[in-house]
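# Summary of the model geometry
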Amino acid sequence: NAGVTQTPKFQVLKTGQSMTLQCAQDMNHEYMSWYRQDPGMGLRLIHYSVGAGITDQGEVPNGYNVSRSTTEDFPLRLLSAAPSQTSVYFCASTHRPAQSNSPLHFGNGTRLTVT
Amino acid sequence: AQSVAQPEDQVNVAEGNPLTVKCTYSVSGNPYLFWYVQYPNRGLQFLLKYITGDNLVKGSYGFEAEFNKSQTSFHLKKPSALVSDSALYFCAVITGGSYIPTFGRGTSLIVHP
């Protein structure tokens, strides 16, 4: 059981470049989300999805796009990378969003550096 | 609205001593409360949760947490700390029917040999 898989683990981009962070889960979770983690800031929600075809913005959505064409995958796209997007990105998923007492399952993160 | 406070950025404890990592919350409605642990270069891992019932919740790795409604707290505890418990700990709260949990900023636990 792989759980939540994020790729790549590390990435270095130049300012202005675009890229996609991949997230896949094999637990048939309906809810998926993206967070960024910065020192002293805790976890900040970027985007989330409650099912295939449904996405919504979180706390810090600017500069990021998402799509949810399948239950399993939830890619995060950086349209034009900026140094302020240097961070560690985590994907998380959980069962049936109506059951909000289900814990989140996290991937191991993507460490992104924008120069 | 919901919020979580972890008042200590860092907690230091000697191996073998009891440890407490503090968490207080604010919600409108009944809270669901969670503790997660993050080891270096890893994602967060679920430790335990409080939904309803017994105020003392037991979780993984010998950790437990006590829900106190009057003090709106959910402190994480362990009777005897191990060096391997050194990690970043996050408290989170969510209310029934909500999709999105609110996380605290995290507390770094350092257990000294």
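First, a word on scope: everything that follows refers to the structure included in this document. These numbers come from a predicted model, not from an experiment. (Residues numbered from 1 in each chain as written. Chains lettered and ligands numbered in written order. Predicted model: local features only at pLDDT ≥ 70, side-chain atom pairs only at ≥ 80, totals over all residues. Heavy atoms only, no water.)

### Considerations on the state of the cysteines
All names here are of chain A. Our working definition: Note on disulfides: each one is a pair of cysteine sulfur atoms within 2.5 Å. Where helices and strands are cited, they refer to DSSP runs of H or I of at least four residues and of E of at least two residues respectively, numbered from the N terminus.
Taken as a whole, this structure holds two disulfides over all chains when the rule is applied. Through a disulfide, Cys23 is tied to Cys91; the S-S separation comes to 1.9 Å. Linking Cys23 and Cys91, the disulfide has an S-S dihedral of approximately -70° and is accordingly described as left-handed. Of the two residues, Cys23 is situated in strand E3 (residues 19-25) and Cys91 in strand E9 (residues 87-94); the sequence distance between them amounts to 68 residues.

### Focus on the pattern of salt bridges
So the rule is basically this: Salt bridges are counted wherever a side-chain nitrogen of Lys or Arg sits within 4 Å of a carboxyl oxygen of Asp or Glu. Throughout, exposure labels follow a simple rule: accessible area from a 1.4 Å probe, protein chains only, divided by the maximum for the residue type, with under 20% read as buried, over 50% as exposed, and the rest as partly exposed.
Evaluated as defined, the whole model comprises five salt bridges over all chains. With a shortest N-O distance of 2.9 Å, Lys58(B) and Glu64(B) are connected by a salt bridge. In this structure Lys58(B) comes out as exposed when scored by relative accessible area, which is 62%. Overall, Glu64(B) belongs to the buried group, its relative accessible area being 18%. A cluster of three or more residues bridged by salt bridges with shared partners is formed by Arg36(A), Asp38(A) and Arg44(A).

### Considerations on the side chain of Ser87(A)
Residue and element names in this part refer to chain A. Definition in use: Polar contacts here mean pairs of N or O atoms no more than 3.5 Å apart (in protein, one a potential hydrogen donor and the other a potential acceptor; neighbouring residues in sequence count only if both atoms are side-chain atoms). In what follows, a contact means two residues having at least one pair of non-hydrogen atoms within 4.5 Å.
By the element assignment, Ser87 lies in strand E9. Within polar-contact distance, the side chain of Ser87 engages the backbone oxygen of Gln37 at 3.1 Å. Separated by 2.8 Å, the side chains of Ser87 and Asp38 make a polar contact. Not counting residues up to four positions away in its chain, the partners in contact with Ser87 are Arg36, Gln37, Asp38, Thr110, Arg111 and Leu112.

### Describing the layout of surface pockets
Here is the rule: The rule is simple: put a 1 Å grid over the protein atoms alone, call a set of points where a 1.4 Å probe fits but cannot get out a cavity, call an open set with protein on both sides within 12 Å along at least five of seven lines a pocket, and count a residue as lining if it has an atom within 4 Å of a point. Grid points are joined across faces, edges and corners, and a volume is the space filled by probe spheres set on the points. Ten residues, namely Ala, Val, Leu, Ile, Met, Phe, Trp, Tyr, Cys and Pro, are considered nonpolar, four, namely Asp, Glu, Lys and Arg, are considered charged, and the remaining ones, Gly among them, are considered polar.
Roughly 550 Å³ of internal volume is contained in the largest pocket. Taken together, 33 residues form the lining of the largest pocket, with Gln37(A), Phe90(A), Arg111(A), Gln38(B) and Asn41(B) sitting closest to its centre. Among the elements of the structure, strand E1 (4-7), strand E4 (31-38), E9 and strand E11 (110-114) of chain A together with strand E10 (87-95) and strand E12 (107-112) of chain B are those that each provide at least two residues to the lining of the largest pocket. The dominant element in the lining of the largest pocket, judged by the number of residues it contributes, is E1(A), at four residues. One number sums up the size of the second largest pocket: a volume of about 230 Å³. Those elements that provide at least two residues to the lining of the second largest pocket are strand E5 (42-51) of chain A together with strand E11 (102-103) of chain B. It is E5(A) that contributes the most residues to the lining of the second largest pocket, three residues altogether. Broken down by class, the residue content of the lining of the second largest pocket amounts to seven nonpolar, three polar and two charged.

### Topic: the pairing of E1(A)
All names here are of chain A. Counted only if it meets this: When DSSP finds at least two bridges between two strands, those strands are taken to pair.
By the alternation rule, side chains of E1 split into Val4 and Gln6, which are all buried, and Thr5 and Thr7, of which none is buried. Strand direction decides the pairing type here: E1 and E3, joined by four bridges, are antiparallel. Looking at the pairing, Thr5 lines up with Ala24 of E3.

### Quick look at the interface of chain B and chain A
Put simply, the test is: Summed over both partners, the accessible surface that disappears when two parts come together, traced with a 1.4 Å probe, is what is meant by buried area.
Facing 23 residues of chain B, the contacting portion of chain A comprises 20 residues. Each partner contributes to the roughly 1,800 Å² buried at the junction of chain B and chain A, and carbon and sulfur atoms together form 59% of this total. On the chain B side of the interface with chain A, the three residues burying the most area are Leu44(B), Tyr99(B) and Ile100(B), jointly 29% of the side's total. Counting across the interface, chain B meets chain A through zero salt bridges. Across the contact surface, chain B and chain A share seven residue pairs in polar contact (both at pLDDT 80 or more). The class makeup of the residues in the side of chain B that touches chain A is 13 nonpolar, seven polar and three charged.

### Observations regarding the nonpolar core
Among soluble globular proteins, nonpolar side chains are generally buried collectively. Let me state the cut-off plainly: As used here, the term nonpolar core means buried Ala, Val, Leu, Ile, Met, Phe, Trp, Tyr and Cys residues forming a set that is joined through side-chain atoms within 4.5 Å.
Among the nonpolar cores identified, the biggest contains 26 residues, and Trp35(B), Leu47(B), Leu48(B), Phe74(B), Leu76(B) and Tyr89(B) are the most heavily contacted of them. Of all the elements in the fold, those that place two or more residues in this core are strand E2 (10-14), strand E3 (19-21), strand E5 (31-38), strand E6 (44-50), strand E8 (64-68), strand E9 (73-78), E10 and E12 of chain B. Excluding anything up to four places from it in sequence, Leu47(B) contacts Trp35(B), Tyr36(B), Val37(B), Gly59(B), Ser60(B), Tyr61(B), Phe63(B), Leu76(B) and Tyr89(B). Listed in part, the 20 residues of the second largest apolar core include Met32(A), Leu78(A), Ala81(A) and Cys91(A).

### Examining the packing of aromatic side chains
All names here are of chain B. Operational definition: Note on aromatic contacts: the rings of Phe and Tyr and the six-membered ring of Trp form a pair at centre separations within 6.5 Å, being stacked when their planes are under 30 degrees apart, edge-to-face when over 60 apart, and tilted otherwise.
Evaluation of the coordinates by the stated rule reveals 14 aromatic pairs over all chains. Judged by centre distance (4.1 Å) and plane angle (15°), the ring pair of Tyr50 and Phe67 falls under stacked. Residue Tyr50 is located in strand E6, and its partner Phe67 is located in strand E8; the two are separated by 17 residues in the primary sequence. Of the residues examined, Tyr50 reaches a relative accessible area of 8% and is grouped as buried. With 5.6 Å between their ring centres and 50° between their planes, Phe63 and Tyr89 make a pair best called tilted. Of this pair, Phe63 sits in the loop between strand E7 (56-58) and E8 while Tyr89 is found in strand E10, placing the two residues 26 residues apart along the sequence.

Remember, this is a structural readout, not a statement about activity or role.
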